[in-house]
Amino acid sequence: MNPSKLLSRITFLLCSLFYFSSVAQSPINLKTEYLVNPVGLDNPNPRFTWQMNDKRIGAKQTAFRILVSTDSLALAQGKAAEWDTGWLQTSASLKTYAGPLLKPFTKYYWRVDLADKNKIKSTTVKIASFEMGMMDGKNWQGAWISDNQNPTVKPAPYFRTTFETTKKIKSARAYIAAAGLYELSLNGEKVGNHRMDPMYTRFDRRNLYVTYDVTNQLKKGKNAVGVLLGNGWYNHQSTAVWDFEKAPWRNRPTFCLDLRITYTDGTSQIIKSGKDWKTAFSPIIFNSIYTAEHYDARLEQKGWNEVDFDDTKWKSVIYRSAPSDKIVAQALHPIRNVEEITAKSIKKFNDTTYLFDLGRNISGVSKIKINGPAGTIVRLKHTERLYPNGRADMSNIDVHYRPTDDKDPFQTDILILSGKGEQSFMPHFNYKGFQYVEVSLSTPVDLKKEDLVGYFMHSDIPIAGSVKASDPLIDKIYYATNNSYLSNLFGYPTDCPQREKNGWTGDAAIAIETGLYGFDGITIYEKWLADHRDEQQPNGVLPSIIPTDGWGYEWGNGPDWTSTIAIIPWNIYRFYGDTKILSDNYENIRKYVNHINETYPTGLTTWGLGDWVPVKSVSPVELTSTCYYYADVVILAKTAKILGKADDYKKYNELALKIKNAFNNKYLNRITGIYNKGLQTELSVPLFWGIVPEESKALVAENLAKRVEADGMHLDVGLLGTKAILNALSENGYGEIAYKVASQKTFPSWGWWIANGATTLYENWPIDAKSDISMNHIMFGEIGAWLYKAPGGIKPDENQPGFKHILLNPQVVEGLDYFEATHDGPYGKIKSAWKRIKYGIRYEISIPANSTATITLYMVRGIKTTLNGRRIAEGFVQLPAGNYIIEQKAE
Ligand code: BGC
């Protein structure tokens, strides 16, 4: 029976059981621009997404209708829509707003009504909201202001003003844009729980503003607004090899603020940044995003951001020009202190020296509670490792730091106590990568384990996946991978949270699938691709770190790294089924590909760094870079097709073929099926990126399997090989070998790191490497995605992207008794789990409403396969939405 016939038969049999029960379905998880009820959007055509809550087998949406209104009550009654899509007969669960122009500062409500598989319409009304922000730079009322200091001045400035409200407040919103970092407060309280806003952009090209609902923080009568500004990447005062202190945008931080208050009587008032504000130095006497923060508590000005504070001694502010002419909404998940981590131990070396151990490596900050005499200097040195004598060892992470004196020690906060009782300190404008905090004091103070905690900080994106395996090593590898992924997400993906904090393109390209299986990170990547567009040269060239001050256009920016311009949008499309990122970046991908084509007309390119930090063997740069170039051209051709650009589709398909032929003619021995010398990277990278001729695939894969066996089932790859190797094996029939490599416990392997106590992934395979030894790098992190793809067997189908159709091919491997992977895709939770049972295997599969799946099973003679108890003969089964048990047992 062909698969579609089987699908309808299964649907019919299973559905008939439920047909008369008419179970209600309802829309759930309504999001606008991938955020829950966001405020402050600029996109005039926001995207609406939703899921269908319908547990029935074969559940699907046959039609939807969206209503948008400014009146939530009318909307609840199905009336007064600003926009009514009418009933659209489609199963799509993403719709871009296309109604009348949305107005700035306006809150809209929307609902989506769904019709189920029987065309029965939902009765449950779900209402979500979104609120437009400035939408247009012209709508700002406030001035860009700062204190009158030059960029080398160290103390961070405070700003304040007061204002009066006389009437009953209906709503209030604060809009704040800054070059640098800010903390906003109202009546003495910090606004919101974001950390280190706004996210890093190329400040002279694009700046982000953030919107807060502050209705509840205002009071009738007098109110005070306070702003504290930090340097961030805008005013880099520390010196390191990337020259950020020479950034073309560098200046003293500045901000612009509009506080819009709407009263119940319909009138409104705008409090704005301007000459009526006053400024003074804060107790933050130094702040560097790269190194640390220094704080002199003796300089605290109690109540500085409250109404009754006497600011007569404060200075006037100055006007500044806007840092760029593009001030746009920061519509993304913010950085937060996501997890509090208590210290696992404290060690006292002497009266003035302690070492706190958090028990795991994180990105973030520490917070200390301490009570000591005025003037006591507390130094908090943050490191990832210890010297044999137990003291904090910085030597693996300060290697690219170029200090000009000893006043700005790396990853070392300095706190000077006020002597006015217990105080707590946590830096405002800095984060670090660390596990240990060595505290040294200029005067003895007794410290206990509870006096210091760590906060794991990162872009606070929702968790979207899980992995559980019978081998605890696999769970530990998955945990460490996620820790490194998140440690490297701060509004842009980074390489490491300590030594660099750079937006290294290559590292992010490797990590994209691990990120998207495990987390709902689209908002961050859409922002980062806008950063790419800001940085791209007119000829298509991109820098190797994004954002950048200019460093990286000359080094490391070949296609093996900067293919992020194509690879990231393509993966977002695969995982979300949304074409926006493809159309937003289409011209940029095209320029990029055209540039390589013009520079390397043969189709082979030597531009790149190659298989960075390899175990031992080195593969030719041309081999790996050409595969990436090929991948970009294939993505470009496919994108052209999706966007209806027929000429480009043809043109870039031809270019892809040219590259493929040139590559295989030079590197592939078609008789032996060996590329170049047949190293792991040389065989797996062409397989993974699909450049191997169809007829040679099996032989190349067999050679790869043999190579890995000859290498003792251990890795012999660098970063590019790591992306490819496990997939190249498991996609070509060698899942068992892939698993052996993935679950190794001896050098070189992920398990070797874990055996040595790792809670994050490292930058180098040997534990005792002398260079490239950050202990929190994501560049070897593809294993996270591979766990979903191979033992989990969950893959999106690029022909029906966003897991509209799910490809399921769970690979049962020796060494595991059970394995479970779940992924919350655009349609809901997908589950693929298997466990060994007596005489066989039992699979548990969940396919969310409004999606389908094809499961590929390994069929063996003498093994009986059943689906929900009914025997099936095919190993290739199409399934409608629902929960299924499949068993394969000896007869
Ligand atoms: C970074 C890497 C990066 C590499 C590029 C290193 O310093 O930490 O992760 O991709 O440089 O060569």
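Our subject is the structure that appears above.
Owing to the predicted nature of the structure, the values given are computational and were not obtained by experimental measurement. For every chain, the first residue of its written sequence is number 1, and the numbers climb from 1 along that sequence. Under the rules for a predicted model, residues below a pLDDT of 70 receive no local features and side-chain atom pairs below 80 are neither given nor counted, while totals for whole chains, interfaces and linings still include all residues. Hydrogens are left out, water is left out, and the side-chain values use all remaining heavy atoms of the structure.

*Asks:* Would you mind showing me how to read the packing of aromatic side chains here?
*Replies:* The description of an aromatic ring pair uses the distance of the two centres, along with the angle that the planes make with each other. Centre distance within 6.5 Å is the pairing criterion for rings of Phe, Tyr and Trp, where only the six-membered ring of Trp is used; planes under 30 degrees apart are then read as stacked, over 60 as edge-to-face, and the remainder as tilted. Within this structure, the stated rule accounts for 49 aromatic pairs. When the ring of Tyr158 is compared with that of Trp314, the centres are 6.0 Å apart and the planes differ by 5 degrees; the resulting orientation is stacked. A residue pair is termed long-range when its members are at least 10 positions apart, and Tyr158 in strand S10 (residues 157–165) and Trp314 in the loop between strand S20 (293–296) and strand S21 (315–316) qualify at 156 residues. For every residue, the accessible area (1.4 Å probe, protein chains only) is compared with the maximum for its type, and the residue is labelled buried under 20%, exposed over 50%, or partly exposed between those bounds. Residue Trp314 is classed as buried on the basis of its relative accessible area, which comes to 7%. Here the aromatic residues Tyr200, Phe203, Trp233, Tyr234, Phe244, Trp249 and Tyr492 are joined through ring pairs into a cluster of three or more. Here the guanidinium or amino end of Lys275 rests over the ring plane of Tyr319, the centre of that ring lying 4.5 Å away. Each helix is a run of H or I in the DSSP string that is no shorter than four residues. Each strand is a run of E no shorter than two, and both are numbered from the N terminus. A ring is scored as having a charge over it whenever the NZ atom of a lysine or the CZ atom of an arginine sits within 6 Å of its centre and within 35 degrees of its normal.

*Asks:* Please clarify how the sheet that holds S21 should be interpreted in this entry.
*Replies:* Within a sheet, each strand pairs with its neighbour through backbone hydrogen bonds, oriented either parallel or antiparallel. DSSP calls a pair of strands paired once it identifies at least 2 bridges connecting them. Read from one edge to the other, the open sheet built from six strands follows the order S13-S12-S15-S10-S18-S21, with strand pairing classed as antiparallel. Both edges of this open sheet fall to strand S13 (189–190) and S21, since each of them pairs with a single strand only. In the sheet, strand S18 (residues 278–281) pairs with S21 via two bridges, with the strands oriented antiparallel. Residue Lys278 lies in a different strand from S21, and its bridge partner there is Ser316.

*Asks:* Looking at this structure, I do not really get the side chain of Ser171. What am I missing?
*Replies:* Take Ser171: it is sitting in strand S11 (residues 169–179). Contact criterion: two residues are considered in contact whenever any of their non-hydrogen atoms come within 4.5 Å of each other. Among residues more than four places away in sequence, those in contact with Ser171 are Thr215, Arg260, Ile261 and Thr262.

*Asks:* Can you help me understand the packing of helix H8 (residues 580–599) against helix H9 (residues 621–642) in this one?
*Replies:* To describe two helices that pack against each other, one gives the angle between their axes and the distance between the axes. In contact at an axis separation of 10 Å, H8 and H9 are set at 140 degrees when each is read in the N-to-C sense. Taken together, the axis directions place H8 and H9 in an arrangement best described as oblique. Here the hand of the crossing between H8 and H9 comes out left-handed. Taken together, the residues of H9 that come into contact with H8 (itself represented by Leu582, Tyr586, Ile589, Arg590, Tyr592, Val593, Ile596 and Asn597) are Tyr629, Asp632, Val633, Leu636, Thr639, Ala640 and Ile642. Per-class residue counts for the contact of H8 with H9 are eleven nonpolar, two polar and two charged. Between N-to-C directions, angles span 0 to 180 degrees; the directions come from axes that are lines fitted to C-alpha atoms, helices contributing only their stretch in contact. Note on angle classes: values under 35 degrees are labelled roughly parallel, values over 145 roughly antiparallel, values of 65 to 115 roughly perpendicular, and the remainder oblique. Note: crossing handedness is left-handed where the near helix turns anticlockwise from the far helix by less than a right angle, and right-handed where it turns clockwise. Here the nonpolar group is Ala, Val, Leu, Ile, Met, Phe, Trp, Tyr, Cys and Pro; Asp, Glu, Lys and Arg are the charged ones; every other residue, Gly included, is treated as polar.

*Asks:* Looking at this structure, how should I read the environment of Leu101?
*Replies:* When you line up the elements, Leu101 lands in the loop between strand S6 (94–96) and strand S7 (107–115). The exposed category is assigned to Leu101, whose relative accessible area is 78%. Remark: the alpha-carbon pair of Leu101 and Asn361, spanning 260 residues in sequence, is separated by 48 Å.

*Asks:* Even after reading the chapter, I still don't get the site of the ligand, so can you show me in this structure?
*Replies:* In the neighbourhood of the ligand, the contacting residues comprise Asp495, Arg499, Glu500, Trp504, Asp507, Trp555, Trp561, Leu609, Trp612, Glu763, His777 and Met779. In the environment of the ligand, an oxygen atom lies 2.7 Å from a nitrogen or oxygen atom belonging to the side chain of Arg499. His777 is positioned such that a nitrogen or oxygen atom in its side chain is 2.9 Å from an oxygen atom of the ligand. Protein burial of the ligand: of its 310 Å² of free accessible surface, 95% is covered by the chains. Nearness of a residue to a molecule or strand requires only that one of the residue's heavy atoms be within 4 Å of it. In the analysis that follows, any N or O atom pair within 3.5 Å is treated as a polar contact, provided that within protein one partner can donate a hydrogen and the other can accept it, and provided that, for residues neighboring in sequence, both atoms belong to side chains. With residues, only the protein chains shown are counted as cover, and all accessible areas are computed by Shrake-Rupley using a 1.4 Å probe.

*Asks:* Whenever I open this one, the pairing of strand S14 (residues 207–213) confuses me. Can you help?
*Replies:* Each regular strand displays side chains that alternate between the two surfaces of the sheet. For S14, the tally of buried residues reaches six of seven residues, placing the bulk of the element in the interior. Relative to S14, S11 runs antiparallel, the two sharing five bridges. From the neighbouring strand, Ile176 faces S14, where its bridge partner is Val210.

*Asks:* Is there a simple way to think about the pattern of salt bridges in this case?
*Replies:* Pairs can form between side chains of opposite charge whenever their charged atoms are close. By salt bridge we mean one thing: a side-chain nitrogen of Lys or Arg within 4 Å of a carboxyl oxygen of Asp or Glu. For the structure shown, the criterion picks out 56 salt bridges. Asp136 is the salt-bridge partner of Lys138, the closest N and O atoms lying 3.7 Å from each other. Judged by its relative accessible area of 71%, Lys138 falls in the exposed class. Look at Asp136 and you get partly exposed, because its relative accessible area is 35%. Residues Glu694 and Lys697 are paired through a salt bridge, measuring 4.0 Å at the closest nitrogen-oxygen approach.

*Asks:* Quick question: what am I supposed to make of helix H13 (residues 719–730) here?
*Replies:* Helical geometry note: an α-helix holds 3.6 residues per turn, so side chains three or four residues apart project in the same direction. Most of H13 is tucked away: twelve of the twelve residues are buried. All buried positions along H13 are accounted for by Leu719, Leu720, Gly721, Thr722, Lys723, Ala724, Ile725, Leu726, Asn727, Ala728, Leu729 and Ser730.

*Asks:* Before we go on, may I ask you to explain unusual backbone geometry in this structure?
*Replies:* Negative phi characterises most residues that are not glycine, and trans characterises most peptide bonds. Cis geometry is found at the peptide bond from Ile546 to Pro547, where omega equals 0 degrees. Along the chain, Pro547 falls in the loop between helix H5 (522–535) and helix H6 (559–562). The amide bond that connects Phe747 to the next residue, Pro748, takes the cis arrangement and shows omega of -10 degrees. Following the sequence through the fold, Pro748 ends up in the loop between helix H14 (735–742) and helix H15 (750–755). Here Tyr34, not a glycine, exhibits a phi torsion of approximately 65 degrees, which is positive.

In short, the description is geometric, and any link to function would need to be established separately.
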